[in-house]
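Each chain, letter by letter, is given below.
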Amino acid sequence: MKRPLTGRVLLVAGLSAVALAGCSTRGASNATGAKGAEAKVPLSSVKVALVPGGAHPYFQPWKTAGQKAKTDFGLGQVTFNETAEWNQAKQNSLLDTLAAQGYNAFGIFGVSPTDINSTFAELKSKGSTVASLGSCPAGDVDKADFCLATDVEQAAYKAAQADIKAMGGHGNLVHLTGNNVDSNTQRRIAGVKKAVAETNGQVKLLTTITDVDTDLQTAQRAVSDLLTAHGTQIAGIVTTAYNPAVAAAAGVKRNHLPIKVVAIDDDPKILSGISDGSVAATVTQNPVGQAYVGSWALGRLRSGACTVRNPGTVIDSGSFVVTRDNVSTYDQERQTKTQQLLTAFKDTVLSCS
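Not measured: the values here are computed from a predicted model. (Residues numbered from 1 in each chain as written. Predicted model: local features only at pLDDT ≥ 70, side-chain atom pairs only at ≥ 80, totals over all residues. Heavy atoms only, no water.)

**Re the sheet that holds strand S9 (residues 260-264)**
Spatially, the 6 strands line up as an open sheet ordered S7-S6-S8-S9-S10-S13, and their pairing is mixed. One side of each edge strand has no neighbouring strand; the edge strands of this open sheet are strand S7 (203-209) and strand S13 (320-322). Neighbour to neighbour, the strand axes of the sheet diverge by 20° on average, direction disregarded. As judged from the 3 bridges shared by strand S10 (residues 281-284) and S13, these two strands associate in the antiparallel manner. Paired with Val-283 across the two strands is Val-321, which belongs to S13. Where helix H4 (residues 152-166) meets the sheet, it contacts strand S6 (171-176), S7, strand S8 (236-239), S9, S10 and S13, and its direction lies at approximately 160° from that of S9. (Pairing = 2+ DSSP bridges. Helix = DSSP H or I, 4+ residues; strand = E, 2+ residues; numbered from the N terminus. Axes fitted to C-alpha atoms, helices over the stretch in contact; angles between N-to-C directions. Contact = heavy atoms within 4.5 Å.)

And the structure:
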């Protein structure tokens, strides 16, 4: 699947955490924003729609995170709708329908990074507040109010580094990833190549296989063909898309091959593989933080309590290397990052009076 972030990253790591409970009570909701900001319209009038580009396991945490945001921040409504079927025209139609139903704040993972800006502009022209969540438009312009997404190049770089370490610093590495025409895939490819280049020839990128994240069956076929043709030549497989990560972990384990697999995200099969040693590591993202903090910011913007300091700004939602050493505790780091994101939005991303 496509989960981009452009190079225009606002770094928020290192900001002091603030407890979510301390800023999420209903009693504070009309002014939560920071520095005593008062909403021009009640937060209960804000109806947030979280709209992925289509069905994918990555987005499932948006459901619960959105509902938690509704409760914690006193939003009028939060809905999750993934029926866009990975077609930009169908996603646009869905967004129009939601707007007609009274939704006035949108967190959107655009199907087409090259076309989604026109969708953002259309929604904003009708008075809606818009965030690009989990995905930023291609290029240097974002017509949404802000983008909160994974820095995919950095995440892929971390994953490749982890795999190279697991391989002992030498050998052949294979990269499995998503749609080749997606700008995000190209960023992931760049991140892996950067890590390989730093080995000064000790690690060779044997091949990069794209277009294998359509569904699990496609990924399984690709992994089976790869292992049949080159299994004995491969020291490591780094996967930067969800379905090939699951397929690679299962295929290597089933064939009893000494290949070091580094995955993406935290599918239960991946975490189980880390625990039993069949998966070397994974790099998890922060979909909960995207939906939770994104909904908070959309509420403050739509209510009039706050404005964006730099419209279209990009914020890295975080990525985290998970190994056997921290597989049982990594989510604490992710929760801390979400708290830091909330603080960053209050202190540096939004301006609230």
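**Details of the state of the cysteines**
The final tally for this structure, using the stated rule, is 2 disulfides. Two residues, Cys-136 and Cys-147, share a disulfide whose sulfurs are 1.9 Å apart. Its torsion about the S-S bond being -95°, the disulfide of Cys-136 and Cys-147 is classed as left-handed. Here Cys-136 is found in the loop between strand S4 (129-133) and strand S5 (146-149), whereas its partner Cys-147 is found in strand S5, with 11 residues between them in sequence. You can call Cys-147 buried: its relative accessible area is 0%. Here Cys-306 connects covalently by a disulfide to Cys-352, the sulfurs 2.0 Å from one another. (Disulfide = S-S within 2.5 Å. Buried < 20%, exposed > 50% of the residue type's maximum accessible area, 1.4 Å probe, protein only.)

**Looking at the pairing of strand S1 (residues 47-51)**
Most of S1 sits out of view: 4 of its 5 residues are buried. Pairing geometry for S1 and strand S2 (residues 77-80), over 4 bridges, is parallel. Residue pairing for S2: Leu-50 is matched across the bridge by Phe-80. Once you follow S1 into helix H1 (residues 60-73) and on to S2, the crossover reads as right-handed. Relative to strand S3 (residues 105-108), S1 is paired through 4 bridges, and the arrangement is parallel. Along S3, the bridge assignment pairs Val-48 with Ala-105. (Right-handed = clockwise from strand over helix to strand, strands pointing away.)

**What about the packing of aromatic side chains?**
For the coordinates displayed, the defined rule picks out 7 aromatic pairs. A ring pair is formed by Phe-59 and Trp-62, whose centres lie 5.0 Å apart and whose planes are at 70°; its orientation type is edge-to-face. Each member of the pair Phe-59 and Trp-62 is classed as buried. The interplanar angle of 75° and the centroid separation of 5.1 Å between the aromatic rings of Phe-146 and Phe-345 together place this pair among those described as edge-to-face. Placement of Phe-146 in strand S5 and of Phe-345 in helix H10 (residues 330-349) is noted, with a sequence separation of 199 residues between them. Here Phe-146 matches Phe-345 in class, with each residue buried. If you follow Lys-47 out to its NZ or CZ, it ends over the ring of Tyr-103, 4.6 Å from the centre. Looking at Lys-194, its charged tip hangs above the ring of Tyr-157, at a distance of 4.5 Å from the centre. (Phe/Tyr/Trp six-rings, centres within 6.5 Å; stacked < 30°, edge-to-face > 60°. Lys NZ or Arg CZ within 6 Å of the ring centre and 35° of its normal.)

**Details of the packing of helix H2 (residues 88-100) against helix H3 (residues 116-125)**
Interhelical geometry of H2 versus H3 gives an angle of 10° and a closest axis separation of 11 Å. Relative to H3, the element H2 lies roughly parallel. Facing H2, whose interface residues are Gln-88, Gln-91, Asn-92 and Leu-95, H3 presents Ile-116, Thr-119 and Leu-123. Taken together, the residues that form the contact of H2 with H3 break down as 3 nonpolar, 4 polar and no charged. (Parallel < 35°, antiparallel > 145°, perpendicular 65-115°, else oblique. Nonpolar A, V, L, I, M, F, W, Y, C, P; charged D, E, K, R; others polar.)

**Topic: unusual backbone geometry**
Phi at Asn-200 is positive, roughly 55°, even though this residue is not glycine. Of note, Asn-200 is situated in the loop between helix H5 (183-197) and S7. Phi at His-256 takes a positive value of approximately 55°, unusual for a residue other than glycine. The residue His-256 is located in the loop between helix H7 (242-254) and S9 in this model. Take His-256: its relative accessible area is 70%, and that puts it in the exposed class.

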